[in-house]
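Tertiary structure, described
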Amino acid sequence: MVHQTMATSSTSASSASSKISPMKLTLLRAVWTALIVGTLAACSTPPAPAPARPGAIGVRPPPASAPVPGDTGPLPAPMAQPKSRWVPVRWAELPGFADDALHEAWNAWIKSCERPVPPFAALCGEVRQLSIATPEEQRAWLVARLQPYRIESGDGNPEGLLTAYYEPLLDAARQPGNGYTVPVYRPPATLGARKPWYTRQQIETLPEAQAALAGRAIAWLRDPVEAMVLHIQGSGRLRIAEPDGTTTLVRVAYAGTNDHPYQSVGRWLLDQGYTRDATWPGIRAWLAANPQRTNELMWTNPRYVFFREEALSGLDAEFGPRGAQGVPLTPGRSIAVDRQSIPYGTPVWLASSGPLVQLNRLVLAQDTGSAILGAVRADFFTGWGPEAGDTAGRLKQNLRLWALWPK
C-alpha cells in the first residue's frame, strides 16, 4: 500500500497459535519464568519503578533507575542506516514498556512473519509460539532476544513527526447514476505506454484520456472529495450497490498512479491564504463555502491513483490492506516508515504525546508512503471507518522511535 499524507482494536490471534499443545505451552511458560527468576537472582533487587506518566516521551530515565529484569549485559555498538543512526539503549528508556498490551502487537508481528526479512526470519517460530503467552512472558522474551536502539537523525536528533492514515469506508454503486458520478478506475491498458500519464485535470476533461478509461470503472462514488481521500490513502473499502439490489463489501487496493507528483490540496489552501485549517474537516468546510471551486482545488493535485478490486470477507475484513512489506496491516499496530531509516518488518517502540492521542506501544514497520521521509518519521495506521478517519485527518504530533533488533 502506497499512500500520501495530508499537510496537516485489537484483533484475534493468528490460527497458527492454535497448533501449540498444552504441554508445549506449559514448558514455554516454565522457561520464561525461569529466565525472569534467574535474572532477578543474578542482580541486586532494584527499587520498584514509579508509574510512567502517560504519553511522556521527553524524559529519559537514568540508566541505574528501574532497570528491566534481564537487561544487564554490555551494550553493543551503534548501528547505521542510510538515513538514520541507531544508538543502543537500555529497555528502561522505552516509555510504557511495562504497560503495553503486547498481544495486540503480536498479531501484527505474526503477519510480518508471512514475509519475514532475514534478521527476523529465525525468530518467527518463537514469535508464533508466544502468541498465546502472557504479557510477562512476551516482555521477558523481548528482553532476552532483542536489543533496543534509539533512532536518531544524522545530527543526533531523536525527535520527529507522527501522522496517521486509514482505510476509508465509502458507499458506492456499480453503475453511474442517482448521484453516483465519480469513478474509481482500474489502471488503463495504455498506462505503461505514456509516462507520465495524463494529469488529474486531463483525466477528467480530455476525450482521449476518458476514452482510454472507458469500461475501466470498478464503481462510482458520490463525492469528489471522497474520491480524493481514497486516492491519498491509497486503499479503501466500498459498500457497492449492485444492479440486482444487493450490496457487496469489497476492498479497492492501490494498483498504480499516473506518475505525476503528489501535491497536497491542504497545502495549496494554506499557501493561498484561504484557510488556516488544512485538515480534512477544514478542507470540507472551505468547499462547503466555495462549492464552485471544487474542481479548481482537486486539480491542484495532478497525481491520480488507480485501484484493483479485492474480495473482503472473513479474516481479511479484520485487517487492513497489504502494506509495502506485502502483509496486511493491523489497526493501531502497523506503521509506515522511510525504509532507508527503518527496514520493513522491524518491530519498533513508538512514543508520541499530544492533544489527540497518547501512544507508548510496540508497532511493526510494514508500509511506506511518498510523504513518509526522514529518520524519525512514521504514519500510524488507525484502521477503517469514520472514527479512524477523524483521527487520521487530525493527527500531527511529536514522535520518538526505538528499533528492536535481534541480538
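Just above, that's the structure.
Anyway, here's the lowdown on the structure attached to this text. Counting restarts for each chain: residues are numbered from 1 in the order of the written sequence. For this predicted model, a pLDDT threshold of at least 70 governs which residues receive local features, and a threshold of 80 or more governs which side-chain atom pairs are given and counted, while totals over whole chains, interfaces and linings are taken from all residues. To get the side-chain values, take all heavy atoms of the structure and skip hydrogens and water.

Quick look at the nonpolar core now. The biggest cluster of nonpolar side chains holds 69 residues, and the ones touching the most others in it are W91, W106, W109, L142, L297 and I335. The residues touching I335, leaving out its near neighbours within four places in the chain, are V348, L350, V363, L364, A365, Q366, D367, A378, D379 and F380. Grouping buried Ala, Val, Leu, Ile, Met, Phe, Trp, Tyr and Cys residues that are joined through side-chain atoms within 4.5 Å yields what is termed a nonpolar core. Each residue gets one of three labels from its accessible area relative to the maximum for its type: buried under 20%, exposed over 50%, partly exposed in between, using a 1.4 Å probe on protein chains only. Contact between two residues is taken to exist if any of their heavy atoms lie within 4.5 Å; hydrogens are not considered.

On to helix α9 (residues 265-272). All buried positions along α9 are accounted for by V265, G266, W268 and L269. Considered in projection along α9, the buried side chains sweep an arc of 160° and stay on one side of the axis. The way it works is that DSSP assigns letters per residue, a run of H or I at least four long becomes a helix, a run of E at least two long becomes a strand, and they are numbered from the N terminus. The inward-facing, buried residues of α9 contact α8 (224-233), α10 (280-289) and α11 (294-298). Looking at the residues trailing α9, positive phi occurs at G273, about 75°. Each C-beta atom gives one direction from the helix axis, and the arc is the one those directions make.

What follows is about the state of the cysteines. The disulfide criterion used throughout: a pair of cysteine sulfur atoms within 2.5 Å. Following the criterion strictly, the structure yields one disulfide and no others. In this model, C113 is linked to C124 through a disulfide, with the two sulfur atoms separated by 2.2 Å. Its S-S torsion of about -90° marks the bond between C113 and C124 as left-handed, since a negative value means left-handed. Residue C113 is located in the loop between α2 (102-112) and α3 (118-121), and its partner C124 is located in helix α4 (residues 124-129); the two are separated by 11 residues in the primary sequence. Taking the relative accessible area as the measure of exposure, C113 reaches 6% and is therefore buried.

Before going further, it helps to spend a moment on the pattern of salt bridges. The salt bridge definition used is simple: a Lys or Arg side-chain nitrogen within 4 Å of an Asp or Glu carboxyl oxygen. Counted by the stated rule, this structure contains 21 salt bridges. Close ionic contact of D223 with R284 constitutes a salt bridge, the shortest N to O distance being 3.4 Å. Of this pair, D223 sits in the loop between β8 (217-221) and α8 while R284 is found in helix α10, placing the two residues 61 residues apart along the sequence. The partly exposed category is assigned to R284, whose relative accessible area is 37%. Among the charged side chains, a network of salt bridges with common partners joins R85, E93, R150 and E152.

On to the packing of aromatic side chains. Ring pairs are drawn from Phe, Tyr and Trp, using the six-membered ring of Trp, whenever the two centres fall within 6.5 Å, and their geometry is named by plane angle: stacked under 30 degrees, edge-to-face over 60, tilted for the rest. If you walk through the whole model with that rule in mind, you get 14 aromatic pairs. Consider the rings of W91 and F97, whose centres lie 4.8 Å apart with planes at 35°: the pair is tilted. F97 matches W91 in its accessibility class, with the two residues each being buried. Three or more aromatic residues link up through ring pairs in this structure, and these residues are W86, F120, Y149 and W405. In this scheme, the term charge over a ring applies when either NZ of a lysine or CZ of an arginine sits within 6 Å of the ring centre and within 35 degrees of the ring normal. Positioned over the ring face of F319 is K111, at 4.4 Å from the centre of the ring. The side chain of R194 reaches across the aromatic face of Y198, ending 4.0 Å from its centre.

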